[in-house]
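What follows is each chain in one-letter form.
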Amino acid sequence: MERLYVKIAERDNVAVAVRDLSEGTWITEDIQCRQDIPQAHKVALCDIASGGEVIRYGVVIGYAVRGIAKGEWVNEHMLKLPQSPSLDDMEYGTNIVEMESLPKPVRTVWRGYRNAAGSAGTKNILGIVTTVQCAAGVVRAAAERIRRELLPKYPNVDDVAAVTHPYGCGVAINAPLAHIPIRSIRNLIRHPNFGGEIMVIGLGCEKLTYDKILPEEDITPENVLTLQEYAGHDAMMHAILEMAERKLKRLNQREREELPLSELVIGMQCGGSDAFSGISANPSVGYAADMLVRGGASVLFSEVTEVRDGVHMLAARCKDKEVRDRLAEEMRWYDNYLEEGGVDRDANPTPGNKQGGLANIVEKAMGSIAKSGSSPIVEVLSPAELPSKKGLIFAAAPASDIVCGPSQAASGIGLQVFMTGRGTPYGLDICPVIKICSRNEMKDHWFDMIDISAGDVATGKATIAEVGTEIFEMILDVASGVHVPYSDLYGFHNDMCIFNPAPIT
Ligand code: CA
């Protein structure tokens, strides 16, 4: 029989409609829809008293603002937000899954570019990083010429990426929080896909001077170029193209080699989520994450506001007290950051999230966390920090898609897996992005923009293990360069909006 609703945990008193359900539909022998319930929205499985707990994923996602009748549509206006869990003395290490019980990787090697610095790339890219937005126009124009005039001569080089972030000047460069954007730029220069080639373009009068992002020995004419030193357009372009060509000659020598999974670092994030994200796409990606972790790879997940309400569940998976303390520290920092801006974590859900059935941040968080799978958390990073461990890592960063991506990229991911319910053409130029959607309707609609649909998990036609394995295989194929995801096929790449919580002057 066709599945009409999905109930996650035994104690849930609401379930999610698998498709649009019209008024009068019997979803079980004794539950009849009292009105039309849109796909992905919630239906009450029993009467809920005013003030009563509304439970999904086995957790209280809100309190009923009025009595809700069995079979009624439970929408975002009917729920009062619960308090977020306390960060004090969270239990840790109480839910540590043994490596042997994680799904065994169906493949144990991939083919990537080994770097002298010890990292491994998934692509071979000439990365040009600006010190300041003032140089962005020149660098983008130069990148276009490099792509057109030089790249055809160097067939082993995949692309040119102009990392033209908004930072660099007009900022309080010595503010305590400036270390976040500065660290982001410093680490992006060394992104594993750039093969150790440093190409930094500055203007000449900006606050972000070369010494803030490069060690002294790397500040050479070989690696840095200052626009104000050149006499006009032609001289400037000529210098940039000449510098690029020297780098391209070396990059062209790079070759893929077989590497163990332990050399792979991938990031996970979601965007444009709906109520299916936590049922189909995110748990399937979580399964792939478990497989990668068991194989020795590193998996980063982020999006602080979207894990805040499930932080106690993550603390239980922290391998020790130190990791738990770091997790609490990052959450506290973000609580304060939001408070200073006069909002709280419920500022996160978008109109599209709500249209997709997500009532509030608690419900969104429960789905969001599913992408981390079930393995132990071995490390917690501040935004744009580099990992020092292998395994599952919480890399604190805003949930905003276009900020989370560059932040994870600065932490060195070679590939990002991106889950969506509503659909977004998101992509990054410095590393490939694989897009997974939560509903088959989304895949039908954007058939040539979404890489994998996890929708069959929601309809009951496929298991999380089946879709998770498919995602795992695609991760390895894309990382190895044998499959090109849609975002790279079309060059749908977002701007590098690095996280800057510090003042702008
Ligand atoms: Ca996001």
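Just so we're clear, the structure is a prediction, and the values are computed from it rather than from any experiment.

Chemist: Please clarify how the nonpolar core should be interpreted in this entry.
Modeler: For soluble globular proteins, nonpolar side chains are generally found buried alongside one another. If you look at the biggest cluster of nonpolar residues, it comprises 155 residues, and the most contacted ones within it are Leu292, Val299 and Ile475. Sequence-distant contacts of Ile475, that is, excluding residues within four places in its chain, are made with Ile266, Ala288, Leu415, Val417 and Ile434.

Chemist: Even after reading the chapter, I still don't get helix H4 (residues 281-294), so can you show me in this structure?
Modeler: Since the α-helix turns once every 3.6 residues, residues separated by three or four places project in the same direction. Along its 14 residues, H4 runs 20 Å from first to last C-alpha, staying within 8% of the 20 Å computed at 1.5 Å per residue. For H4, the tally of buried residues reaches 14 of 14 residues, placing the bulk of the element in the interior. Directly after H4, the chain includes Gly296, whose backbone phi takes a positive value near 100°.

Chemist: Looking at this structure, how should I read the domain arrangement of the protein?
Modeler: Think of interface size as the accessible area that goes away when the parts come together; that is how it is often given. Here the protein is partitioned into domain 1 (5-80), domain 2 (111-251) and domain 3 (261-490). Contacts between the two partners involve 15 residues from domain 1 and, on the opposite side, 15 residues from domain 3. Split into classes, the residues belonging to the side of domain 1 that touches domain 3 amount to nine nonpolar, three polar and three charged.

Chemist: Teacher, can you tell me more about the environment of Ala15 here?
Modeler: Note on placement: Ala15 falls in strand S2 (residues 14-17). It is 9.1 Å that separates the C-alpha atoms of Ala15 and Ile55, two residues lying 40 residues apart in sequence.

Chemist: Looking at this structure, I do not really get the pairing of strand S12 (residues 125-130). What am I missing?
Modeler: Residues in a regular strand point their side chains to alternate faces of the sheet. Most of S12 is tucked away, with six of its six residues classed as buried. By the alternation rule, side chains of S12 split into Ile125, Gly127 and Val129 and Leu126, Ile128 and Thr130, which are all buried. Looking at chain direction, S12 and strand S13 (residues 159-163) are connected through five bridges and run parallel. By the bridge assignment, Ile128 is partnered in S13 with Ala162. Following the backbone out of S12, through helix H1 (residues 136-150) and into the adjacent parallel S13, one traces a crossover that is right-handed.

Reading guide: rules and limits
- Residues numbered from 1 in each chain as written.
- Predicted model: local features only at pLDDT ≥ 70, side-chain atom pairs only at ≥ 80, totals over all residues.
- Core = buried A, V, L, I, M, F, W, Y, C linked by C-beta atoms within 7 Å.
- Buried ≥ 20, exposed ≤ 12 C-beta atoms within 10 Å, placed from the backbone.
- Contact = placed C-beta atoms within 7 Å.
- Helix = DSSP H or I, 4+ residues; strand = E, 2+ residues; numbered from the N terminus.
- Expected span 1.5 Å × (residues − 1).
- Domains from an automatic or database assignment.
- Nonpolar A, V, L, I, M, F, W, Y, C, P; charged D, E, K, R; others polar.
- Pairing = 2+ DSSP bridges.
- Right-handed = clockwise from strand over helix to strand, strands pointing away.

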